[in-house]
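Chain residues, written in single-letter form:
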Amino acid sequence: MKAFAFLAKNKVGLVDRPVPEPGPEDAVVRTTASLVCTSDVHTVHGVLPLPEGRVLGHESVGIVHRVGSSVRGFKEGDRVAVCAVTPCGHCDRCQRGQSAQCGGMLGGYKFTAQRDGNLAEYFLVNNADFNLAPIPDLVSDEAALYTTDMLSTGLSAVEAADIPLGGSVAIFAQGPVGLCATAGARLRGAGLIIAVESRPERQALAKTFGADVVVDPSKGDPVPEIQRLTGGVGVDSAIEAVGLPVTFENCIRATRAGGVISNVGYHGEAGGDALRIPLLDFGFGMADKTIRGVLCPGGRERMTRLLRLLATKRVDPTPMTTHRFPFSQVERAFRMMETKEENILKPLITY
């Protein structure tokens, strides 16, 4: 089979690999569609140390090709989605409901980080009964792909933000995760959704996905405008969805006393090895502000619920698909994600 791999820092390419063999609890999926993620770009730039030759990708759907001897819930030919986070379902962290931290901090993120990812013609899914989810007939592969990471992560940010019914939220950055957080805030019942975004095409999408107001940070510090929009109090919740030190600090500054800051941004490529908390805006540690760092949970049950949201048309993530490529052109799609050429947001890869 062909697979898209990390070859060295800032170097990627298609490689030949044998089709994987499933263990007793595993499944092998024949890929039908994938998305390229900005996290893949961060990884190739060196944020996540990888061995040369490791296959990239964590956003794929497909058809079950083979199942292990202990798999009971799926069979060859089933159309399935799998989250970017694939926990074991057995360990203490999974038993505690912290599946993203399976086996240790961030341990549920296995694709690329711990083993080959799924930007490949076939890919292995560990603990298949726990991690595979059937795709409803009414849901396209393109739509289902968003449940594997972007939608799940954006909704995780909203869940962690604990937005009260009718409450206010500021969502910093309207990339794919931020847009899904905006859609999730609307589903959650937020009364005021403030999107912070400078790119015009993303500002327009933010309105489509449910933002009431868009604040442009390229025109000045967005926090005073957020304060004005909330009567000088600050938002109930703020979501950091890009992974920059300045937006993390702005989340703290924009949130009222007693509010919640939810971080799903992938920090590491910018800003060194630490994040700063502005003490005055944090009440010198006494403002009852909560900071939560979130990696989306995995597992069949959550994926089934996300796919139901698509089947019942509660949300449609497909306007985020800006470009389409055959798998043979996946490197071109990756390079465009690096440079943001042609205002690319999410490239769909078909096999």
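See the structure shown above.
About the cut-offs
Residues numbered from 1 in each chain as written. Predicted model: local features only at pLDDT ≥ 70, side-chain atom pairs only at ≥ 80, totals over all residues. Heavy atoms only, no water. Helix = DSSP H or I, 4+ residues; strand = E, 2+ residues; numbered from the N terminus. Expected span 1.5 Å × (residues − 1). Buried < 20%, exposed > 50% of the residue type's maximum accessible area, 1.4 Å probe, protein only. Contact = heavy atoms within 4.5 Å. Arc of directions from axis to C-beta. Polar contact = N/O pair within 3.5 Å; in protein donor to acceptor, adjacent residues only side chain to side chain. Core = buried A, V, L, I, M, F, W, Y, C linked by side-chain atoms within 4.5 Å.

## Re helix α5 (residues 150-161)
An ideal rise of 1.5 Å per residue puts 16 Å on twelve residues; α5 measures up with 16 Å between its terminal C-alpha atoms. Extensive coverage of α5 is indicated by the burial of eleven of its twelve residues. Buried within α5 we find M150, L151, S152, T153, G154, L155, S156, A157, V158, A160 and A161. Looking at the buried positions of α5, the neighbouring elements they touch are α6 (176-188), β11 (235-240), β12 (255-263), β13 (290-293), α10 (300-311) and β15 (346-350). Just downstream of α5, D162 is the residue with a positive phi angle, here 55°.

## So, helix α8 (residues 222-229)
Within α8, burial applies to P222, V223 and I226. The buried residues of α8 occupy an angular sector of 100° when projected down its axis, which confines them to one face. Each element contacted by the buried residues of α8 is listed here: β8 (168-172), β9 (192-196), β10 (213-215), β11 and α9 (245-254). Of the residues flanking the start of α8, the one acting as N-cap is D221, its side-chain oxygen 3.0 Å from the backbone nitrogen of V223. Following α8 by one or two positions, G231 has its phi on the positive side, about 65°.

## Here we look at the nonpolar core
Counting residues in hydrophobic clusters, the biggest one holds 49 residues, and the most contacted among them are V169 and I239. Among residues more than four places away in sequence, those in contact with V169 are I163, A185, A190, L192, I193, I194, V235, S237 and I239. Formed by 18 residues, the second largest nonpolar core is a distinct cluster that contains L56, F325, F334 and I349.

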